Amino acid sequence: MEQQVVDLAHFSLHESEIQHALGRVKVKDVDYADIYIESTIAESVSMEEGIVKRAVKSISQGAGVRATAGEKTGFAYSDELSKRDLEIAADTARYIANSPQGETPIAVTHRPKLSQNLYPIDKPNTEIATQDRIDLLNVIDAEARKYDTRITKVMASFNTEQKIIMVATSDGLLVGDIQPLSRLQVTCIAEEGTNRQVGSYGGGGRIGFSFYQEENRAREYAHEAARQAILNLSAVDAPAGVMPVVLAGGWPGILLHEAIGHGLEADFNRRKTSAFCSLMGQRVASDVCTIVDDGTLPSRRGSLNIDDEGTPTTRTVLIEDGILRGYITDRLNARLMGIPLTGNGRREDFRSIVLPRMTNTFMLAGQSDPDDIIGSVKNGLYAASFGGGQVDITNGKFVFSASEAYLIEDGKITKPVKGATLIGSGPDILKQVSMVGHDLKLDSGIGTCGKEGQSVPVGVGLPTIRIDEITVGGTSAR
Amino acid sequence: MTDSSDHLRQVAADLIKRAKAHGVTSADVLVAEGDSVSVQVRLSAVDRLSKAREKSLGIRVFFGKRSASTSTSDFTPKSLDQLVADTCTLAKAVAEDESSGLPDAEAMASDHPDLDLFDPTTLTMDEEISLARRAEDAAMAVDARITNSEGADCGYGNGLVVLANTHGFLDSHRSSRFSLSVTPIAVDEENGGGMQRDSWYAVKRKFSELDTPESIGQIAAQRTIRRLGAKKVSTQRVPVIFDTETAESLLGHLASGVSGYALYKGASFLMGQLGKRIAPDFVSVEDDGRMVGGLGSRPFDGEGLATRKNIILENGVLSSYLLDTYSGRKLGMPSTGNAARSIGENPSVSTTNFFLRPGTTSPKDIIASVKQGLYVTELIGFGVNMVTGDYSRGASGFWIENGELAYPVEEVTIAGNLKQIYEQIEVIGNDLEFRGRMASPTVKIAQMTVAGN
């Protein structure tokens, strides 16, 4: 598919206005400056009680101007794209340099063609008829209720976003991208007497609407949410204490995101506030573990053609055969640390500053058969799906919460257990990984990562793995 | 100040007029604008400066019982025409919803008390840099083991919100906030080089009420230092004391559980509990939308209804839900004046100033009442199931031995069920202090499962 070219005309801006603003901010004491221009249309429909009753749409547009000098960052943004507003933002961002405004415009002559087109879509999200979105949710409702009569409530939402960005830098780069994103989410509540339980499932990515209609996906999402809710009706109390845990492939990869990924973001390591900051080249995982961050996977939620600084995304090896190999970087931190730029400079929107952030973070497949991994555990926990997680990057302690888990007894998966939080230490936990399955699976496209108040879409992935020892936070002490 | 307020009121009134021209049954409009300046200083050097001015508006229209909402930051007449047209098209596409609609006309707020929410003081970047630097310097000076920092943040912002609807309601309010926080890092060179961070902060509507940077820095440093040398404890069932910061999260779960939306969707562990005892008789919780100077205060809610004081838990009995008009209609009850509103969204429910009434015991005496137990000072993760009340979160804090804090604890979880946790509140401290929209004194829970080694 022909790639659509983004140009300044989309924002009713003229090249000279950008060059002028860049010149104004990029004075002698400023190392680097950029202007990020964004327009986003987001639409959402949601259903509950069997009807689609909520429809919302938002249109936002603006520009953020940034200057960096040494470790300092000056930043300002405006939701107006006039010449005057860009000038005010440029003057504010330049404040860190304590010098008068620049007078020489900076030409933006480097206009590379995007080297990758990771999300070719025949029909933009903004052109999907509202009725088509509504029909999709109605299918979900019917399918979930059909799954089991004990499903009493079905809630579903469908969100789409079309983000158009352009980045102009003091190095003379001018590049843009159109970034589609969508997500379908289903929640079911099952009731049996006074026992009420919830199940959720969803998916999406940088994909077109037809994705949800193909391969019975809408039905699969509905059934999966319903299945989890019904399953939880028979869940017993989760065990408490240290035990072996087997993580299923796919979304449980959130373990890597929390335990490892955040701790390897360059800003924390430059500031030496990460538990990983002195471990480069050292063993931080068992030798069966290789972990990468890859922003170049087609259609994935965490993928990008270019990051929010205009750098093409890449695949970065973070841990290779258990040894810490790389950090996730943006321009500022790569420059200050003298390490490679990995294309991970991301921001939520024009109102936010750029931070080094993950894209799709996953462990490569190993050699073990998943059944053998489960069979190797005498007494432990099998965690099939998770809710959210969090990490304290300084002491390395992380948690993530199981939403679907089972006891393993004598090498067999037995009773479902209530959700429990798993807690561990980032630099230690992967040393406990003794088996890695050959069944690498990426998540279905639901991840959102929060950092310094900014949310960005991400992906995770994992093969089935065995963790020899981790603390499981249930209520049932053994 | 009056200028921009008059202008935004004009924008809101104009948008209502445009909606009426499209034949809507009813509509409401929210217009907001704000200014903010924030700085971050790290290791005495300026790390980040940020400044912004922004505005946006949202409109919700009704055609009979169908509705839709939209928002934009583009206030040009052409864009607004398009927005209204789009909203109407969207509304006509969705299903009829019997409970939808504006509040009744006679229910709209008719008074507008001065809640003292706006301080016209503005801070320059240089002033903020100085405040942040003082806070961080104070933290770094406390102990030689504080060798690093995630920085100190100082911020100032003010905002104006205008709400208008087709009942003729048109009102606005302005508010401000000043904040200062610092996050020092301590390294334990003597015991293997383990690192810990913690932070302290203040947020106030008035600049003059902000704590001194020195006091914020010193508390942040003390909180960080005391975590050094933390270890795991063994798995056991013990009394658990939540400090004021973590007890606030237990209140937050209560607020989510009594939210009208969670209740009518069948997604709350507190369904069917109205009028029933859910906690001991010394437990009372209030939500007060008109607390003078409160960070959660507002003269009218997100639908234009008067805010008020609601008693949520009275002597242990669940006495009120938190409702807006829609969720109230679903449950057959009037709104409690708790509608919250994001620009371009349907109303939802939120707390205003939500707090647990203090008891008479000092935190020190509460700790002294425990022979073996956990004093929790930080919780991480999302292990709370609002449908069932099942609770399992990562915790750190201090181990209590014979009534005294013995050593710091980390990498453990605490687990139970919220229904039992509220039933098992044993003591409430006398240390209520508002540091945000929600506030709790220290709380002791009789028994929870602590999972560790």
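Keep in mind it's a predicted model, so treat the numbers as computed, not measured.

Definitions and cut-offs
Residues numbered from 1 in each chain as written. Chains lettered and ligands numbered in written order. Predicted model: local features only at pLDDT ≥ 70, side-chain atom pairs only at ≥ 80, totals over all residues. Heavy atoms only, no water. Helix = DSSP H or I, 4+ residues; strand = E, 2+ residues; numbered from the N terminus. Buried < 20%, exposed > 50% of the residue type's maximum accessible area, 1.4 Å probe, protein only. Contact = heavy atoms within 4.5 Å. Areas by Shrake-Rupley, 256 points an atom, 1.4 Å probe, with all protein chains shown as cover. Lys, Arg positive; Asp, Glu negative; His and termini not counted. Charge placed at Lys NZ, Arg CZ, Asp CG, Glu CD. Domains from an automatic or database assignment. Buried area = accessible area lost by both parts, 1.4 Å probe. Salt bridge = Lys/Arg side-chain N within 4 Å of Asp/Glu carboxyl O. 1 Å grid on protein atoms, 1.4 Å probe; cavity = no way out; pocket = protein on both sides within 12 Å on 5 of 7 lines; lining within 4 Å. Points joined across faces, edges and corners; volume = space filled by probe spheres on them. Nonpolar A, V, L, I, M, F, W, Y, C, P; charged D, E, K, R; others polar. Polar contact = N/O pair within 3.5 Å; in protein donor to acceptor, adjacent residues only side chain to side chain. Expected span 1.5 Å × (residues − 1). Axes fitted to C-alpha atoms, helices over the stretch in contact; angles between N-to-C directions. Parallel < 35°, antiparallel > 145°, perpendicular 65-115°, else oblique. Left-handed = near helix turned anticlockwise from the far one by under 90°. Pairing = 2+ DSSP bridges. Phe/Tyr/Trp six-rings, centres within 6.5 Å; stacked < 30°, edge-to-face > 60°. Lys NZ or Arg CZ within 6 Å of the ring centre and 35° of its normal. Core = buried A, V, L, I, M, F, W, Y, C linked by side-chain atoms within 4.5 Å.

### Re the overall build of chain B
1) Next: Assigned secondary structure in chain B consists of nine helices and 20 strands.
2) Next: Its C-alpha atoms give chain B principal-axis dimensions of roughly 75 × 55 × 35 Å.
3) Next: The buried share of chain B, reckoned over its 453 residues, is 61%.
4) Next: Here the analysis covers contacts within chain B between residues at least 6 apart in sequence; of these, 73% occur between residues at least 24 apart.
5) Next: Only carbon and sulfur atoms are counted for the fraction: they give 49% of the accessible area of chain B, which is about 16600 Å².
6) Next: Taking the average location of the 47 positive side-chain charges in chain B and that of its 59 negative ones, the two points are 4 Å from each other.

### Topic: the domain arrangement of chain B
All names here are of chain B.
1) Next: For chain B, the domain assignment lists domain 1 (2–224) and domain 2 (230–453).
2) Next: Distance between the C-alpha centres of domain 1 and domain 2: 24 Å.
3) Next: If you look at the interface, domain 1 gives 41 residues, while domain 2 gives 36 residues.
4) Next: Taking both partners together, domain 1 and domain 2 bury about 3100 Å²; carbon and sulfur atoms supply 53% of that area.
5) Next: Sorting the residues of domain 1 by area buried against domain 2 places Ser-99, Leu-115 and Arg-205 first, and these three jointly supply 18% of that buried surface.
6) Next: On inspection of domain 1 and its partner domain 2, the count reaches two salt bridges.
7) Next: A salt bridge links Asp-111 to Arg-290; its shortest N-O distance comes to 2.7 Å.

### A look at empty space enclosed by the protein
1) Next: Per the stated rule, a full pass over the model turns up seven cavities of 30 Å³ or more.
2) Next: Its volume calculated, the largest cavity comes out at about 100 Å³.
3) Next: Considering the residues around the largest cavity, the lining is formed by 13 residues, among which Leu-250, Leu-251, Leu-356, Tyr-422 and Ile-425 of chain B are closest to the centre.
4) Next: Top contributing element to the lining of the largest cavity by residue count: helix H5 (residues 244–257) of chain B, with four residues.
5) Next: Residue composition of the lining of the largest cavity, by class: twelve nonpolar, one polar and no charged.
6) Next: Approximately 80 Å³ is the volume found for the second largest cavity.
7) Next: Around the second largest cavity sit 13 residues that line it, and Lys-397 of chain A together with Glu-378, Ile-380, Ala-395 and Ser-396 of chain B are the ones nearest its centre.
8) Next: Listing elements by their share of the lining of the second largest cavity, those giving two or more residues are strand E15 (372–380), strand E16 (390–401) and strand E17 (404–417) of chain B.

### Things to note about the interface of chain A and chain B
1) Next: At the junction of the two partners, chain A supplies 73 residues and chain B supplies 73 residues.
2) Next: The interface formed by chain A and chain B includes 14 salt bridges.
3) Next: Note that Lys-265 of chain B is salt-bridged to Glu-48 of chain A, the shortest N-O span being 3.4 Å.
4) Next: The interface formed by chain A and chain B includes 40 residue pairs in polar contact (both at pLDDT 80 or more).

### As for H5 of chain B
All names here are of chain B.
1) Next: For H5, built from 14 residues, the straight-helix expectation of 20 Å at 1.5 Å per residue is met to within 8% by its first-to-last C-alpha distance of 20 Å.
2) Next: Most of H5 sits inside the fold, with ten of its 14 residues counted as buried.
3) Next: Taken together, the buried positions of H5 are occupied by Thr-246, Ala-247, Ser-249, Leu-250, Leu-251, Gly-252, His-253, Leu-254, Ala-255 and Gly-257.

### Digging into the packing of helix H1 (residues 15–25) of chain A against helix H2 (residues 83–93) of chain A
Residue and element names in this part refer to chain A.
1) Next: Taken N-terminus to C-terminus, the directions of H1 and H2 make an angle of 20 degrees; their axes are 8 Å apart at the nearest point. Relative to H2, the element H1 is oriented roughly parallel. In this structure, the crossing between H1 and H2 has a hand that is right-handed. On H2, the residues that touch Glu-17, Ile-18, His-20, Ala-21, Arg-24 and Val-25 of H1 are Lys-83, Leu-86, Glu-87, Ala-90, Asp-91 and Ala-93.
2) Next: Looking at the contact of H1 with H2 residue by residue, the class counts come to six nonpolar, one polar and five charged.

### Describing the sheet that holds strand E19 (residues 438–439) of chain B
All names here are of chain B.
1) Next: Across the sheet, which stays open at both edges, the five strands sit in the order E11-E10-E9-E14-E19 with mixed pairing between neighbours. Each edge of the sheet is formed by a strand with only one pairing partner; in this case those strands are strand E11 (317–318) and E19.
2) Next: The sheet contact formed by strand E9 (residues 285–288) and strand E14 (residues 354–356) spans three bridges and is antiparallel. Within E14, the position partnered with Val-285 by the bridge is Leu-356.

### Things to note about the packing of aromatic side chains
1) Next: In this structure the tally under the stated criterion is 20 aromatic pairs over all chains.
2) Next: Aromatic side chains Tyr-375 of chain B and Phe-398 of chain B sit 6.5 Å apart centroid to centroid with 40 degrees between the ring planes, which places their arrangement in the tilted category. Of this pair, Tyr-375 of chain B sits in strand E15 while Phe-398 of chain B sits in strand E16; the two residues are 23 residues apart in sequence, bridging distant segments of the chain. Comparing Tyr-375 of chain B with Phe-398 of chain B, the two get one shared label, buried.
3) Next: An aromatic cluster of three or more residues is present, and its members are Phe-158, Phe-209, Phe-211 and Tyr-212 of chain A.
4) Next: For the cation-ring pair, Arg-347 of chain A lies above Tyr-36 of chain A, with the distance from its terminal atom to the ring centre recorded as 4.1 Å.
5) Next: Stacked on the ring of Tyr-201 of chain B, the Lys or Arg Arg-435 of chain B has its end atom at 4.9 Å from the ring centre.

### Regarding the domain arrangement of chain A
Residue and element names in this part refer to chain A.
1) Next: Split by domain assignment, chain A resolves into domain 1 (8–232) and domain 2 (239–477).
2) Next: Contact between domain 1 and domain 2 buries roughly 3500 Å² in total, counting both sides, with carbon and sulfur atoms accounting for 51%.
3) Next: Summed over the shared surface of domain 1 and domain 2, the number is five salt bridges.
4) Next: Among the salt bridges present, the one from Arg-335 reaches Asp-31, with a minimum N-O distance of 3.2 Å.

### Things to note about the pairing of strand E3 (residues 66–72) of chain B
1) Next: Of all seven residues in E3 of chain B, six are buried, a share of seventy percent or more.
2) Next: Sheet topology note: the strand E2 (residues 51–69) of chain A/E3 of chain B ladder contains four bridges and is parallel. What sits directly across from Ser-58 of chain A, in E3 of chain B, is Ser-71 of chain B.
3) Next: The pairing of strand E2 (residues 45–63) of chain B with E3 of chain B spans seven bridges and is antiparallel. Bridge assignment links Gly-58 of chain B to a residue of E3 of chain B, and that residue is Ser-71 of chain B.

### Thoughts on the sheet that holds strand E13 (residues 360–363) of chain A
In a beta sheet, neighbouring strands are held together by backbone hydrogen bonds and run either parallel or antiparallel to one another.
Residue and element names in this part refer to chain A.
1) Next: The strand order across the open sheet built from six strands is E10-E9-E8-E13-E22-E19, with neighbouring strands paired in mixed fashion. Here the strands that pair on one side only, and so sit at the sheet edges, are strand E10 (323–324) and strand E19 (441–442).
2) Next: Pairing analysis gives three bridges linking E13 to strand E22 (residues 459–462), with the strands arranged parallel. When the sheet's bridge partners are listed, Asn-360 is paired in E22 with Gly-459.
3) Next: Along the sheet, helix H6 (residues 254–261) contacts strand E8 (291–294), strand E9 (315–320), E13 and E22; its crossing angle with E22, the most-contacted strand, is approximately 105 degrees.

### Some remarks on the nonpolar core
1) Next: The biggest cluster of nonpolar side chains holds 60 residues, and the ones touching the most others in it are Phe-11, Leu-13, Ile-18, Ile-35, Ile-37, Val-65 and Leu-86 of chain A.
2) Next: Filtering out sequence-adjacent residues up to four positions away, Leu-13 of chain A remains in contact with Leu-8, Ile-18, Ile-37, Leu-81 and Leu-86 of chain A.
3) Next: Membership of the second largest hydrophobic core comes to 56 residues, among which are Ala-55, Ala-144 and Phe-211 of chain A together with Val-11 of chain B.

### Things to note about the pairing of strand E7 (residues 200–204) of chain B
Residue and element names in this part refer to chain B.
1) Next: Counting buried positions along E7 yields four of five residues, so the element is predominantly enclosed.
2) Next: Two strands pair when backbone bridges link them, and strand E5 (residues 170–188) and E7 are joined in this way by five bridges, in the antiparallel orientation. Bridge pairing in E7 places Phe-178 opposite Lys-204.

### Observations regarding the packing of helix H3 (residues 130–147) of chain A against helix H5 (residues 217–232) of chain A
Residues and elements named next belong to chain A.
1) Next: Put simply, H3 and H5 touch, their axes get as near as 8 Å, and they point 40 degrees apart. Put simply, H3 runs oblique to H5. Where H3 crosses over H5, the two elements pack in a sense that is right-handed. Residues Leu-136, Val-139, Ile-140, Glu-143, Ala-144 and Tyr-147 of H3 form the contact with H5, whose own contacting residues are Ala-218, Arg-219, Ala-222, His-223, Ala-226, Arg-227 and Ile-230.
2) Next: Counted by class, the contact of H3 with H5 contains nine nonpolar, one polar and three charged residues.

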